[in-house]
Amino acid sequence: MKPIEFVDVATAKAARGVRMVASGMVPSPWSEAAKGLFRLQGVPVRVVRFSREDAELAAWMRADNVPVVFHDDEPPRVHWAAITTLAARLGPPGALLPDDLDHRARTVGLLHEIAGEDGLGWNARLLMIHASMTSEGERGFPPPAARYLAARYGYSPAFDLDRVRARIVAALSALAARLDGGRDYLDGDRPNALDVYAATFLTPLCPIPESDCPRLQPLLRQAFGTAREELGDAVPRALVEHRSRMYERHLGWPIEL
C-alpha cells in the first residue's frame, strides 16, 4: 500500500487501519497536517475526499468538518490534538511527540499556537474571510464559502485586523527562532509533529503555483493567495526554507488533494 492512497467511502469503511476523510478541494492545513503526521510515522492511510453531497460519507463521518480520522474500530477523531496523539501512538515511540513530559508539554503548546483556536491557521483563515467580506468576493473566498466560514470562525464586523496580524507574526517569529544556528528542524535533530504542522500551516502564506498543487481550483487558489498578500512578507526566510525542506524530504511534492 502507498503511504497515502485515495479511495472511495465504501473501500475506506471496509478497511482496517487508518482511514481519513480530508479536504479534496484545497490544501487545508488541518487536512494536510493530518496526512503528513502519518506519512512521517510510516503509517499507511486510506484517504476519502470530502464531499458535502455524499450522504453515505456524512453518516460515516458523524462530523461536519474535516479531517476525520478512523483507526480500526475506535471512535473517529476530529480534533488536531487527538489525531496527533493517535499518529504518535501508531509510529515509533518518541518520534512524533517527545517522551519527556516537560518537552512534550512545550511541543504541544506550540502546536496549539499553530493549529488551535486563535492560532496561526485560525487567524490566516480569518484574513481570507475578511478579504472576501470586505470586497464582495473579489478577493478571498467566494461569498457563499466566506459566509459559511465566517460563522465557523466567529468573524464579525468588529474584526480586529491589527490583532490578527500581530498574532500571526508572533507565532511565525517564535517558530523561526527555533531554527537559529542553521538547524534543519524545529524540535531536535529529526522532524516531528512540530515540523509537520509548521510546514503545512505555512501553505496559505506562501506562493502556491499550479505545479505545487495541481488540483487546486483557480478561485480557491485566489482565496489562498489572499493571506499571502496580507502577510507573506512577514514570513521569515528560515521558515520558508524549512517548509521546502519538509516537503522535499518528508511530505512529498506536489501537494496531492
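Below, the structure is looked at part by part. (Residues numbered from 1 in each chain as written. Predicted model: local features only at pLDDT ≥ 70, side-chain atom pairs only at ≥ 80, totals over all residues. Heavy atoms only, no water.)

Some thoughts on the overall build of the protein
No. 1: When helices and strands are counted, the protein shows 11 helices and four strands.
No. 2: For the protein, whose C-alpha radius of gyration is 18 Å, the value lies close to the compact-globule estimate of 18 Å for 257 residues.
No. 3: For the protein, the spread of C-alpha atoms along the principal axes amounts to about 50 × 45 × 35 Å.
No. 4: For the protein, buried positions account for 51% of its 257 residues.
No. 5: Long-range pairs, those at least 24 residues apart, make up 72% of the contacts in the protein with a sequence separation of at least 6.
No. 6: Accessible surface for the protein amounts to roughly 11800 Å². Of this, 51% is attributable to carbon and sulfur atoms.
No. 7: A gap of 3 Å separates the mean positions of the 31 positive and 33 negative side-chain charges of the protein. (Helix = DSSP H or I, 4+ residues; strand = E, 2+ residues; numbered from the N terminus. Rg over C-alpha atoms; globule rule 2.2 N^0.38 Å. Buried < 20%, exposed > 50% of the residue type's maximum accessible area, 1.4 Å probe, protein only. Contact = heavy atoms within 4.5 Å. Areas by Shrake-Rupley, 256 points an atom, 1.4 Å probe, with all protein chains shown as cover. Lys, Arg positive; Asp, Glu negative; His and termini not counted. Charge placed at Lys NZ, Arg CZ, Asp CG, Glu CD.)

A word on unusual backbone geometry
No. 1: Put simply, Val66 and Pro67 share a cis peptide bond, and its omega is 5 degrees.
No. 2: Topologically, Pro67 is positioned in the loop between α3 (55-61) and β4 (68-71).
No. 3: Here the bond from Trp253 into Pro254 is cis, since omega is -10 degrees, no more than 30 degrees from zero.
No. 4: We note that Glu136 has phi near 55 degrees; this positive angle belongs to a residue other than glycine.

A few points about the environment of Arg243
No. 1: Turning to its location among the elements, Arg243 is positioned in helix α11 (residues 237-251).
No. 2: Between the C-alpha atom of Arg243 and that of Cys206, which follows or precedes it by 37 residues, the distance is 9.6 Å.
No. 3: Beyond its immediate chain neighbours, meaning those up to four positions away, Arg243 contacts Ala199, Leu202, Thr203, Cys206, Trp253 and Ile255.
No. 4: A distance of 3.0 Å separates the side chain of Arg243 from the side chain of Thr203, its partner in a polar contact. (Polar contact = N/O pair within 3.5 Å; in protein donor to acceptor, adjacent residues only side chain to side chain.)

Description of the packing of helix α9 (residues 193-201) against α11
No. 1: Taken N-terminus to C-terminus, the directions of α9 and α11 make an angle of 115 degrees; their axes are 9 Å apart at the nearest point. Taken together, the axis directions place α9 and α11 in an arrangement best described as roughly perpendicular. Viewed along their axes, α9 and α11 form a crossing whose handedness is left-handed. Contacts from Asp195, Val196, Ala198, Ala199 and Thr200 in α9 reach His242, Arg243, Met246, Tyr247 and Leu251 in α11. (Axes fitted to C-alpha atoms, helices over the stretch in contact; angles between N-to-C directions. Parallel < 35°, antiparallel > 145°, perpendicular 65-115°, else oblique. Left-handed = near helix turned anticlockwise from the far one by under 90°.)

Section: the packing of aromatic side chains
No. 1: As enumerated under the stated definition, the model contains seven aromatic pairs in all.
No. 2: For the pair Trp60 and Phe70, a centre-to-centre distance of 3.8 Å together with 5 degrees between the ring planes defines the contact as stacked. Of this pair, Trp60 sits in helix α3 while Phe70 sits in strand β4, and the two are 10 residues apart along the sequence.
No. 3: For Trp60, a relative accessible area of 12% puts it in the buried group.
No. 4: Residue class for Phe70 comes out buried when judged on its relative accessible area of 3%.
No. 5: Lying over the aromatic face of Phe6, Arg49 brings its terminal NZ or CZ to 4.1 Å of the ring centre. (Phe/Tyr/Trp six-rings, centres within 6.5 Å; stacked < 30°, edge-to-face > 60°. Lys NZ or Arg CZ within 6 Å of the ring centre and 35° of its normal.)

Considering the nonpolar core
The tendency in soluble globular proteins is for nonpolar side chains to be buried side by side.
No. 1: Core analysis: the largest hydrophobic core is formed by 72 residues, its most contacted members being Phe38, Tyr197 and Leu205.
No. 2: Considering each element in turn, this core owes the most residues, seven residues, to α9.
No. 3: Not counting the four nearest positions on each side in its chain, Leu205 is found in contact with Leu120, Ile168, Leu172, Ala227, Arg228, Leu231, Gly232 and Val235. (Core = buried A, V, L, I, M, F, W, Y, C linked by side-chain atoms within 4.5 Å.)

Quick word on the side chain of His130
No. 1: By secondary structure assignment, the location of His130 is in helix α6 (residues 120-133).
No. 2: Judged by relative accessible area, which is 18%, His130 ranks as buried.
No. 3: Dropping the residues within four chain positions of it, His130 is found in contact with Tyr155, Phe159 and Leu161.

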